Amino acid sequence: MLTLDQHPSGRHYLQIPGPSPVPDRILRAMSLPTIDHRGPEFGELGRKLLTEIRKVFKTEHPVIIYPASGTGAWEAALANTLNAGDAVLMFETGHFATLWKQMALRLGLEPEFLTPPETQRWRCGVQPQLIEQRLLEDREHRIKAVCVVHNETSTGVTSDIAAVRRAIDAAGHPALLLVDTISGLASADYRHDEWGVDVTVSGSQKGLMLPPGISFNALSPKAIEASKRSQLPKSFWAWDEILAANANGYWPYTPNTNLLYGLNESLEMLLGEGLDNVFARHERWGEGVRRAVNAWGLEIQCQDPALYSPVLTGVVMPEGIDADEVRRTIFERFDLSLGTGLGRAKGRMFRIGHLGDCNDLTLIATLGGCEAGLKLCGVELFGSGVQAALEFFAENPAPGTPANPGNTGRG
Ligand code: PLP
C-alpha cells in the first residue's frame, strides 16, 4: 500500500454512491474568491439559485438550502413540521430509513417502522399497500407524517413515491408526506409537486455532483402551514427566518458561499443537459453495470427489476466471501473506492456508484477493477462483466453521440 508521502499516478476512482466525483468545471467555479455574503453580488447569486433549484425538485414552492450535510436536512424536515409525541409512519427500506427512524425517536416522536417480510428486508422498495392499510386503521389520525426514502443508498432500490402518495390519498388520511431523495435527486426522476410531497430532503454530494456540505428541504404549502403549529425545538433549522431572508436572496447566517458557486455551476450543467437526459444517462449506466454483475453470475441486492436504482448497484457476495475484503483488495491494487455494505448488509455486499462525473469508460475501468479484485479474492465468476458492459455501451450509444457506423463493406 502507498504511504501518505507517495503519490499514486492517475486519478483515483471514486465509485462510492456519494460523495460522487466532482466535475472539474465545478471545482474551478468553487475556487473563485469568497465574496461578502451580505453584498449585492451575493444577493443576485442567492436569488438565482433559489429560483433555479426549484426546477431540479420540480416544484413551484420554496426550497431551503442549508449549509449542512443531509442528516441536518432530515432533522429540519421533522423539526419544522411535527410536535413532541407525534406518531410518524416509516418504512424499513434499508440503513438510511433506519437512521431516519432513530433520529425521529431522539427528537421525541413516535416512529412506527413498517417492515417487509424477512426475505425482502433491505431488498425491496416501500410497499404502498402496507402504508394504506396502516393509515386506514388510524381512524383518529394520530399519524402525522409518512416518511420514506426514495433512493435507498444502502441497497440500490428506488421506491415509487407517486404510489405512496396514492396510498395516502386512497386511505383519505391527512398525514404529511416526507421524502428523502438525498441520493436520488438529479440522477433519478423526481417530482415534488406532481407527487404531492410535503417535504423533500436532499443533499449536494450525489446527483448534484458537488462536495458534501449543502442540503435541502423542498416545501409544500401544507408543510409551511404545519410549520406554524410545530413546537419541536429548533433555531438553526427553523424555516421562518430562512424564508424571510431568502426572499431577498440572503441567509440569516453565513451560507457556504463557495459551495453555492459550485451549485450554480451544477445547475447550469444539469439544466443545460436537460433533466430527462440526465435521468436517461444514469439509467443507461445502471443497465451497463447490471449487465456486468449478471455476466459475473453474482446477485444484485435489489430484488425487483422495476426498482433498480439508476444511481448505484448493490453486488451480493457468494457465501464465505467477505465483501469488505474484496473492496480492500480493489482499493489497494487499483486505487478504486467502492461503497461498503452498511448495517445488516456489512460484509455481504459492496456498492458500485454510477453517478457524478462518470462516463462509459470510467465505468468500464471500475468494472475492470471489480472483476480483477473479485478473482483475486477467489470468487468464481461465470464470465466477463467488463465484456458484457462494454458490448452494452457500444451497442447502445449515449443519446447525442454518433450512431454506430455499422459494416461499410470496405473490409
Ligand atoms: N439519506 C440517504 C439516502 C443517504 O444516502 C445519506 C448519505 O449517504 C443520508 C441520508 C445522510 O446524509 P449525510 O451523510 O449527508 O448526512
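Counting of residues starts from 1 at the beginning of each chain's written sequence and follows it residue by residue. Selection of residues for local features in this predicted model requires a pLDDT of at least 70, selection of side-chain atom pairs for listing and counting requires 80 or more, and totals for whole chains, interfaces and linings are taken over all residues. Values reported for side chains reflect all heavy atoms of the structure, with hydrogen atoms and water molecules removed beforehand.

Chemist: Would you explain the overall build of the chain in this entry?
Modeler: Numbering of helices and strands runs from the N terminus; a helix is a DSSP stretch of H or I covering at least four residues, while a strand is a stretch of E covering at least two. Counting secondary structure elements, the chain contains 13 helices and 14 strands. Relative to the 2.2 N^0.38 estimate, which gives 22 Å for 411 residues, the radius of gyration of the chain is 22 Å and therefore close to what a compact globule would have. Over its C-alpha atoms, taken along the principal directions, the chain stretches across nearly 70 × 55 × 50 Å. Only protein chains enter the accessibility calculation, which uses a 1.4 Å probe. A residue is then buried if its area is under 20% of the maximum for its type, exposed if over 50%, and partly exposed in between. Relative to its full complement of 411 residues, the chain shows a buried share of 56%. Throughout, the Shrake-Rupley method with a 1.4 Å probe supplies accessible areas, and for residues the shown protein chains are the sole cover considered. As presented, the chain carries roughly 17,600 Å² of accessible surface, and 52% of it is formed by carbon and sulfur atoms. Under the convention used here, Asp and Glu are negative, Lys and Arg are positive, and both His and the chain ends fall outside the count. By convention, the point assigned to a charge is CZ for Arg, NZ for Lys, CD for Glu and CG for Asp. Side-chain charges of the chain comprise 38 positive and 48 negative groups, with the mean position of each set lying 1 Å from the other. Throughout, the radius of gyration refers to the C-alpha atoms, and the reference size of a globule is 2.2 Å times the residue count to the power 0.38.

Chemist: Please clarify how the site of the ligand should be interpreted in this entry.
Modeler: To be near a molecule or strand, a residue needs just one of its heavy atoms within 4 Å of it. Close to the ligand lie Ser69, Gly70, Thr71, Trp74, Phe96, Asn151, Thr153, Asp180, Ile182, Gln205 and Lys206, which account for all nearby residues. Pairs of N or O atoms within 3.5 Å make up the polar contacts considered here, provided that, within protein, one atom can donate a hydrogen while the other can accept it, and that residues adjacent in sequence are counted only when both atoms are side-chain atoms. In the environment of the ligand, an oxygen atom lies 2.5 Å from a nitrogen or oxygen atom belonging to the side chain of Thr71. The side chain of Gln205 places a nitrogen or oxygen atom 2.8 Å from an oxygen atom of the ligand. Per-element tally for the shell around the ligand: the top contributor is helix 3 (residues 70–81), with 3 residues.

Chemist: What should I look at first to understand the sheet that holds strand 2 (residues 63–66) in this one?
Modeler: Hydrogen bonds between backbone atoms are what pair the strands of a sheet, whose relative direction is either parallel or antiparallel. Strand order in this open sheet of 7 strands is 2-10-9-8-5-3-4, and the pairing throughout is mixed. A single partner strand is all that each edge strand has here, and the edge strands are strand 2 and strand 4 (110–114). For this sheet the average axis-to-axis angle between neighbouring strands, irrespective of direction, equals 20°. Here, a strand pair is defined by DSSP locating no fewer than two bridges between the strands. Relative to strand 8 (residues 176–180), strand 5 (residues 143–149) runs parallel, the two sharing 5 bridges. Bridge pairing links Val149 to Asp180 in strand 8. Whether two residues are in contact is decided by their heavy atoms, any of which lying within 4.5 Å being enough. All axes here are fitted lines through C-alpha atoms, helices being fitted over the stretch that makes contact, and every angle between N-to-C directions spans 0 to 180 degrees. Strand contacts of helix 6 (residues 161–170): strand 5 and strand 8, with the helix running at about 165° to strand 8, the strand carrying the most contacts.

Chemist: Explain the domain arrangement of the chain to me, please; I cannot follow it from the model alone.
Modeler: How large an interface is tends to be reported as the accessible area lost when its parts come together. Boundary definitions for the domains trace back to an automatic or database domain assignment. In terms of domain boundaries, the chain breaks down into domain 1 (13–20 + 274–395) and domain 2 (24–271). Taken over C-alpha atoms, the centre of domain 1 sits 27 Å from the centre of domain 2. Listed by partner, the interface residues are 33 residues for domain 1 and 34 residues for domain 2. Buried area is a sum: the accessible area each of two parts loses on coming together, probed at 1.4 Å, counted once for each and added. For the pairing of domain 1 and domain 2, the buried interface totals around 2,600 Å² over both sides, and the portion due to carbon and sulfur atoms is 55%.

Chemist: How do you make sense of the state of the cysteines when you look at a structure like this?
Modeler: Disulfide: a covalent bond formed between the sulfur atoms of two cysteine residues. Two cysteine sulfurs form a disulfide in these notes if their separation is within 2.5 Å. One pass over the full model with this rule turns up 0 disulfides. The thiol sulfur of Cys124 is not disulfide-bonded, and the nearest other cysteine sulfur, from Cys302, lies at 8.8 Å.

Chemist: When you look at the environment of Leu136 in this model, what are you seeing that I'm missing?
Modeler: Looking at the element boundaries, Leu136 is found in helix 5 (residues 128–137). Accessibility expressed as a relative area gives 44% for Leu136, which makes it partly exposed. Separated by 31 residues in the primary sequence, Leu136 and Ala167 have C-alpha atoms spaced 9.8 Å apart.

Chemist: It is not clear to me how the packing of aromatic side chains should be interpreted in this structure. Could you clarify?
Modeler: Aromatic rings considered in pairs are described by the distance between their centres and by the relative angle of their planes. Pairs were defined over the aromatic rings of Phe, Tyr and Trp, the Trp ring being its six-membered one, requiring ring centres within 6.5 Å. Orientation was assigned from the angle between planes: stacked under 30 degrees, edge-to-face over 60, tilted for the rest. Scanning all chains against the criterion turns up 10 aromatic pairs. Residues Phe42 and Trp251 carry aromatic rings whose centres are separated by 6.0 Å and whose planes lie at 75° to one another, so their mutual orientation is edge-to-face. Separated by 209 residues along the polypeptide, Phe42 in helix 2 (residues 40–57) and Trp251 in the loop between helix 8 (239–246) and helix 9 (257–273) bring together distant segments of the chain. Residue Phe42 is classed as buried on the basis of its relative accessible area of 0%. By relative accessible area, which is 3% here, Trp251 ends up buried. Each ring, one from Trp74 and one from Trp100, has its centre 5.8 Å from the other, and the planes form 10°; the classification is stacked. Note that Trp74 is positioned in helix 3 and Trp100 in helix 4 (residues 95–106), a separation of 26 residues in sequence. In this structure, Trp74 and Trp100 share a single accessibility class: buried. Chaining the aromatic ring pairs together yields one cluster made of Tyr66, Phe236, Trp237 and Tyr253.

Chemist: What's the story with the pairing of strand 9 (residues 199–203) in this structure? I'm lost.
Modeler: By the criterion of burial, strand 9 is predominantly enclosed, with 5 of the 5 residues buried. Of the two faces of strand 9, the one carrying Val199, Val201 and Gly203 and the one carrying Thr200 and Ser202 are both buried. Two strands pair when backbone bridges link them, and strand 8 and strand 9 are joined in this way by 3 bridges, in the parallel orientation. When the bridges of strand 9 are listed, Val179 appears paired with Thr200.

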